[in-house]
Amino acid sequence: MPGRPNIVFITADQQRADCFGFEGRKIKTPHLDIMAEEGTVFRACITPNPVCQPARASILTGQLPRTHGVCDNGLDLPPEVGAKGFAGSLSAAGYHTALIGKAHFATSHTFEATGTPECRQSMDRYGPDWTGPYMGFDHVEMVVEGHNQWDPMEPPAGQHYEAWYYGDGHGARKNALYRTNGGPDTKGAPQTWHSALPPAWHNSSWVGDRTVAHMADRVKNAPDQPFCVWASFPDPHHPFDAPLPWSLLHDPAEVDLPEHRTLDLDRRPWWHRASLEGEPAIRGDLAQIRKDYSRIGQLTDDQLREIIANTYGMISLIDHNVGRIFAELHRLGIADNTLVIYASDHGDWLGDHGLLLKGPIPYEGLIRVACLVWGPGVPAGKRVEEPVSTLDVPATLLDYAGAEPLHPMHSRSLRPLLEGDATREFAYCEWDLNASRCGVELRLRTARTKTHKLTVEEISGAGELYDLVDDPHETTNRFGDPALANVQAELMDMIARRPDDVRAEPLQPVGMA
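Source: prediction; values computed, not measured. (Residues numbered from 1 in each chain as written. Predicted model: local features only at pLDDT ≥ 70, side-chain atom pairs only at ≥ 80, totals over all residues. Heavy atoms only, no water.)

**A word on the overall build of the chain**
A count of helices and strands for the chain gives 16 helices and 14 strands. For the chain, whose C-alpha radius of gyration is 21 Å, the value lies close to the compact-globule estimate of 24 Å for 513 residues. Its C-alpha atoms put the chain at 65 × 50 × 45 Å along the principal axes. A total of 513 residues make up the chain; the buried ones form 62% of that total. Pairs at least 24 residues apart make up 72% of the contacts formed inside the chain by residues separated by at least 6 positions. Across the chain, the mean location of the 47 positive side-chain charges is 1 Å away from that of the 70 negative side-chain charges. (Helix = DSSP H or I, 4+ residues; strand = E, 2+ residues; numbered from the N terminus. Rg over C-alpha atoms; globule rule 2.2 N^0.38 Å. Buried < 20%, exposed > 50% of the residue type's maximum accessible area, 1.4 Å probe, protein only. Contact = heavy atoms within 4.5 Å. Lys, Arg positive; Asp, Glu negative; His and termini not counted. Charge placed at Lys NZ, Arg CZ, Asp CG, Glu CD.)

Have a look at this one:
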């Protein structure tokens, strides 16, 4: 059906909203800077959940976590729900849909085999020629996990990236190079090194390669059918392991450090300390992985500089591949009829408040994420300050495609904000944590307006409220402050407006949260 736009949806994993050159940080993102210059940036885009699986399930389905059921990592999105997300809806409307890169709709480290193509104990059931369908996508080429805490899985384990990675017979050599710090000393910064793996073998390059090839194939073999491809980069998620020379692109001495980088748990709600110090209530080996991989102690400024510089290098490598994708759109002659969205599933504290990585402490660096839109009818240079959500991506894609959703969605199209002056009152984030993650059960609900943010822990009734105008670094918790009583009541009402469509039967954990 000519006239309907092609769609390229690009995501990074764990990229903050401010980690772009156009946002003023000392990071090199030339292609994304051009995208922001020629398109629109949503500067108050909030993730519906601050960890991977729930956030990605919401981006796919357009539903909040407690509705689709994936309230934390370690819970698998039911295939019948995933199949009705934006990919399935677009396919039903005549689009060809594909996902290239990290999916993470199902759990990798599981208690037992689950049968999914992302489960370490069952992925070998999928033959070398399997390319989907999966979760509504007609075609998939996947990186499993993609965060190189572990070597890529050797076939018959792994999926498409892993098969390619080992396919030339040099897998062992690549793994050795990957583990080698080929650059300067990183001053004891945890999970940080200059990977000697050549960039040509890196999964960011592979996602770029395969996306470019896929678009060319669609134009050559099905020129009259619109396509939607989700290019999903696994970086800049930790470990901080950008390959040389990208890891050297930013001088640690020159990167920007957070203004407030002191851990001050005594001034925060009780669950901050409990979540950082509790013992995960899960099988011993998995508990140790959780503690070793997801908790990082106090850092010196020099160590934080090394981590930030390496993170910037990972983002710059993604930016390079975004540039390649745009170049291919122009080469193919389809740029004028292609909608491009760049987003992230969640952010990273990256030193804010003395914290690193992610967890149940919803500071801005963690829950405010990238959201750039470029394409036909999208205003150039526009900045939208209204609070929106990556939950809104599915409705936006379906709106531009003229497609109908296959199931009810909380997602709302961003098109009225892009093409007009529509407003939004607040964005919402929710996270139900079992004790398996950090030793304490939590039920967190967050409402974020243009000026304030409230998070309430529903079991205990404790909360935190920040004035984002007068206190943008969230240094003073105003929860219970009589001077903000009306604001707190308004935000509590926003949280209470969450639709009453929570999944009746909670999903049970199949693996590590």
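**Regarding the pattern of salt bridges**
Pairs can form between side chains of opposite charge whenever their charged atoms are close. Under the definition given, this model contains 39 salt bridges. Residues Lys-453 and Glu-364 are paired through a salt bridge, measuring 3.1 Å at the closest nitrogen-oxygen approach. Remark: Glu-364 occurs in helix 12 (residues 364-367) and Lys-453 occurs in strand 13 (residues 452-457); sequence separation between them is 89 residues. Take Lys-453 and Glu-364: they sit in the same class, and that class is buried. Between Glu-430 and Arg-498 there is a salt bridge, with its nearest N and O atoms 2.9 Å apart. Of this pair, Glu-430 sits in strand 11 (residues 427-433) while Arg-498 sits in the segment after helix 16 (485-496), and the two are 68 residues apart along the sequence. Per residue, the accessibility class of Glu-430 equals that of Arg-498, and both read buried. Shared partners join several salt bridges into a network, and the residues in it are Arg-16, Asp-18, Arg-25, Asp-256 and Asp-352. (Salt bridge = Lys/Arg side-chain N within 4 Å of Asp/Glu carboxyl O.)

**A closer look at the confidence of the model for the chain**
Of the residues in the chain, 99% have a pLDDT of 70 or more, and the chain-wide mean is 96. Helix 10 (residues 284-294) is the least confidently modelled element of the chain, averaging 74 in pLDDT, while strand 6 (residues 227-232) averages 99, the highest of any element. (pLDDT = per-residue confidence, 0-100.)

**Topic: the nonpolar core**
Core analysis: the biggest nonpolar cluster contains 48 residues, and Phe-42, Phe-86, Leu-90, Phe-105, Tyr-134 and Phe-137 have the highest contact counts within it. When residues of this core are assigned to their parent elements, the largest contribution, five residues, is made by helix 13 (residues 393-401). Setting aside residues no more than four positions away along its own chain, Tyr-134 makes contact with Ala-103, Phe-105, Ala-106, Pro-117, Glu-118, Val-140 and Met-142. Counting residues in hydrophobic clusters, the runner-up holds 38 residues, among them Leu-32, Val-212, Phe-227 and Ala-335. (Core = buried A, V, L, I, M, F, W, Y, C linked by side-chain atoms within 4.5 Å.)

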